[in-house]
Amino acid sequence: MSRIKVYVPRDATACSLGADEVAESIIEGARGRGLEIELVRNGSRGAFWLEPLVEVETETGRLAFGPVAPADLPGLFEAGFPGPADHALALGPVDSIDWLASQQRLTFHRAGWIDPLSLDDYLAMGGYKGLERALEMSAQEIVDEVKESGLRGRGGAAFPTGIKWQTVLDTPADQKYIVCNADEGDSGTFADRLLMEADPYQLIEGMTIAGLAVGANAGYIYLRSEYPHCRKVLTEAISRAEQAGLLGGDIRGSGKAFRLELRIGAGAYICGEETSLLDSLEGKRGLIRFKPPLPAIEGLMGKPTVVNNVLSLGAISTILEKGADHYRDFGTGRSRGTLTVQLAGNIRRGGLVEVPFGASLRELVEGYGGGTASGRPVHAI
């Protein structure tokens, strides 16, 4: 008899809501009933209002239950869990949850589906196809693809990513760097953390492609110190990618090198600004640098440096895998691709929503968010 796969998120938000305790209770409940299960700690889908969201794999797809507390499990088991269960927390097939099904997920399309640290899971859902294509292209062709996609920086400034990369590519130097700004410190923000915890190889792949595009053989992820779950996941993911030949001195036998290191910030909010971050990486006190020169010309250690946000770099693998046209088809005007919205605060259904640019605030706050948690009218956002 094959074991039934049961998924419980390992995301920091899910854990803060009791996911670890739920996972332990499921193991104990199954053991006590003689049921053979395989517990998988997947990433969160970002539906934080349903966390801990427990999923069960069946022949017809995954069934969802949530939000599940340890005290709910005896009743769930009695109702037929793990499997179809007549229970108030049974949400039916994951694909039928409208909050998720109505989104158009490009960057987060694997979040929640896979074990974040499983390279097999990542590869099975299209992982590293973007890198495979990039290894067959010239540096200029990769940069042109990013330009054509219309991708703009997701850190707030919305500067065209391809233009930044072109500057680094065109600047002669004996050493260049890729730096990921993962110092996500603004109140109510969690999209970067969710991607790193739910799909770390997507970020690693995106940074590797960026290195190929501009001629950089070294990269750094600058992670805020308040993200211990991210630190653990990224450390292990980088190690596994190195062992698989996806990072290091000879990427997939191509003869091209890209090494990646994780660096932890010291809790300074100012280091979320790119030049302060570079000072901190150099071991200095983080202070904003005068510009020009831009980091793309004189960045880390005075060398040409691509500094991009987690979501910007996370989008790169999708662009290279699917093509610039596919990515550009989402969005409106000069805002191409998808918009990642973080719903937090006085909101009924908090979480992460990914939709094409052009969605209205009303659709996001009242549609996906369900309005205010207090039930009072929205006055300010």
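Preceding this section is the structure that the text describes.
For the structure given in this document, a descriptive report is provided here. The structure displayed is predicted, hence computed values, not measured ones. (Residues numbered from 1 in each chain as written. Predicted model: local features only at pLDDT ≥ 70, side-chain atom pairs only at ≥ 80, totals over all residues. Heavy atoms only, no water.)

Thoughts on the overall build of the protein chain
Alright, step 1. Along the backbone of the protein chain there are 15 helices and 13 strands.
Alright, step 2. Scaling as 2.2 N^0.38, a compact globule of 381 residues should have a C-alpha radius of gyration of about 21 Å, and the protein chain matches this with 21 Å.
Alright, step 3. Overall, the protein chain is about 65 × 55 × 40 Å in size when its C-alpha atoms are taken along their principal axes.
Alright, step 4. Look at the contacts in the protein chain between residues 6 or more apart in sequence, and 68% of them connect residues 24 or more apart.
Alright, step 5. Accessible area for the protein chain stands at about 16500 Å²; split by element, carbon and sulfur atoms hold 49% of it.
Alright, step 6. Side chains of the protein chain give 39 positive and 50 negative charges; the mean places of these two sets differ by 4 Å. (Helix = DSSP H or I, 4+ residues; strand = E, 2+ residues; numbered from the N terminus. Rg over C-alpha atoms; globule rule 2.2 N^0.38 Å. Contact = heavy atoms within 4.5 Å. Areas by Shrake-Rupley, 256 points an atom, 1.4 Å probe, with all protein chains shown as cover. Lys, Arg positive; Asp, Glu negative; His and termini not counted. Charge placed at Lys NZ, Arg CZ, Asp CG, Glu CD.)

As for the sheet that holds strand β9 (residues 305–309)
Alright, step 1. One open sheet holds the four strands; their spatial order is β8-β7-β6-β9, and the pairing between them is parallel. The open sheet has two edge strands with one neighbour each: β8 (259–264) and β9. Between one strand axis and the next, the sheet turns through 20° on average, direction left out of account.
Alright, step 2. Both strand β6 (residues 177–182) and strand β7 (residues 218–223) contribute to a ladder of six bridges, which runs parallel. For Cys-180, the partnering residue across the bridge sits in β7 and is Ile-221.
Alright, step 3. Running at roughly 165° to β8, helix α11 (residues 228–243) makes contact with β7 and β8 of the sheet. (Pairing = 2+ DSSP bridges. Axes fitted to C-alpha atoms, helices over the stretch in contact; angles between N-to-C directions.)

Quick look at the sheet that holds strand β4 (residues 61–65)
Alright, step 1. Overall, mixed pairing links the five strands, which are arranged β2-β1-β3-β4-β5 in an open sheet. Of all the strands in the sheet, just β2 (37–40) and β5 (90–93) have a single pairing partner and so form its edges. The mean angle between the axes of side-by-side strands here comes to 25°, regardless of whether they run parallel or antiparallel.
Alright, step 2. Alignment of strand β1 (residues 4–7) against β2, held across four bridges, turns out to be parallel.

Some points on the environment of Tyr-122
Alright, step 1. Relative to the helices and strands, Tyr-122 is located in helix α5 (residues 119–124).
Alright, step 2. Owing to a relative accessible area of 0%, Tyr-122 belongs among the buried residues under this scheme.
Alright, step 3. Separated by 90 residues in sequence, Tyr-122 and Leu-212 place their C-alpha atoms 21 Å apart.
Alright, step 4. Beyond its immediate stretch of four places on either side in the chain, Tyr-122 contacts Arg-110, Ile-114, Gly-127, Tyr-128, Asp-199, Tyr-201, Gln-202, Glu-205 and Ser-317. (Buried < 20%, exposed > 50% of the residue type's maximum accessible area, 1.4 Å probe, protein only.)

Some words on the pattern of salt bridges
Alright, step 1. Using the criterion set out here, one finds 20 salt bridges in the structure.
Alright, step 2. Its salt-bridge partner being Asp-325, residue Arg-328 comes within 2.6 Å of it at the nearest N-O pair. Here Arg-328 pairs with Asp-325, and both are found in helix α14 (residues 324–328), just three residues apart, close to one helical turn.
Alright, step 3. Asp-325 sits in the partly exposed class, given a relative accessible area of 48%. (Salt bridge = Lys/Arg side-chain N within 4 Å of Asp/Glu carboxyl O.)

Remarks on the nonpolar core
Alright, step 1. The biggest cluster of nonpolar side chains holds 65 residues, and the ones touching the most others in it are Trp-165 and Ile-221.
Alright, step 2. The biggest single contributor to this core is helix α10 (residues 200–214), with nine residues.
Alright, step 3. If we ignore the near neighbours within four places in the chain, the residues touching Ile-221 are Cys-180, Ala-182, Leu-203, Met-207, Leu-234, Ile-238, Leu-260, Glu-261, Leu-262 and Arg-263.
Alright, step 4. If you look at the next biggest cluster of nonpolar residues, it comprises 20 residues, including Ala-19, Ala-23, Val-56 and Phe-77. (Core = buried A, V, L, I, M, F, W, Y, C linked by side-chain atoms within 4.5 Å.)

Focus: helix α2 (residues 19–32)
Alright, step 1. Taking 1.5 Å of rise per residue, the 14 residues of α2 would be expected to cover 20 Å, and the 20 Å separating its terminal C-alpha atoms lies within 8% of that figure.
Alright, step 2. Listed in full, the buried residues belonging to α2 are Ala-19, Val-22, Ala-23, Ile-26, Gly-29 and Ala-30. Looking straight down α2, one finds that the buried residues subtend no more than 130° of arc, so they occupy a single side. Opposite its buried face, α2 presents the exposed residues Glu-28, Arg-31 and Gly-32, each directed more than 90 degrees away.
Alright, step 3. Tucked into the core, α2 has its buried residues touching β1, α1 (12–16), β2, β3 (54–58) and α3 (73–79). (Expected span 1.5 Å × (residues − 1). Arc of directions from axis to C-beta.)

Things to note about the pairing of β8
Alright, step 1. In terms of strand pairing, β7 meets β8 through six bridges, oriented parallel. Bridge assignment links Tyr-220 to a residue of β8, and that residue is Glu-261.
Alright, step 2. The parallel pair β7 and β8, bridged by α11, forms a crossover whose chirality is right-handed. (Right-handed = clockwise from strand over helix to strand, strands pointing away.)

Examining the pairing of β1
Alright, step 1. As defined by bridge partners, β1 adjoins β3 across two bridges and the pair is classed as antiparallel. Bridge assignment links Val-6 to a residue of β3, and that residue is Val-56.

Comments concerning the packing of helix α9 (residues 191–198) against helix α13 (residues 310–322)
Alright, step 1. Interaxial distance between α9 and α13 falls to 9 Å at its minimum, and their mutual angle equals 45°. Relative to α13, the element α9 is oriented oblique. In contact with Ala-191, Asp-192, Leu-195 and Met-196 of α9, α13 contributes Val-310, Leu-311 and Gly-314.
Alright, step 2. Looking at the contact of α9 with α13, its residues break down into five nonpolar, one polar and one charged. (Parallel < 35°, antiparallel > 145°, perpendicular 65-115°, else oblique. Nonpolar A, V, L, I, M, F, W, Y, C, P; charged D, E, K, R; others polar.)

A closer look at the environment of Ala-71
Alright, step 1. Locating Ala-71 in the fold gives a position in the loop between β4 and α3.
Alright, step 2. Each C-alpha atom of the pair Ala-71 and Tyr-128 lies 41 Å from the other, and the pair is 57 residues apart in sequence.

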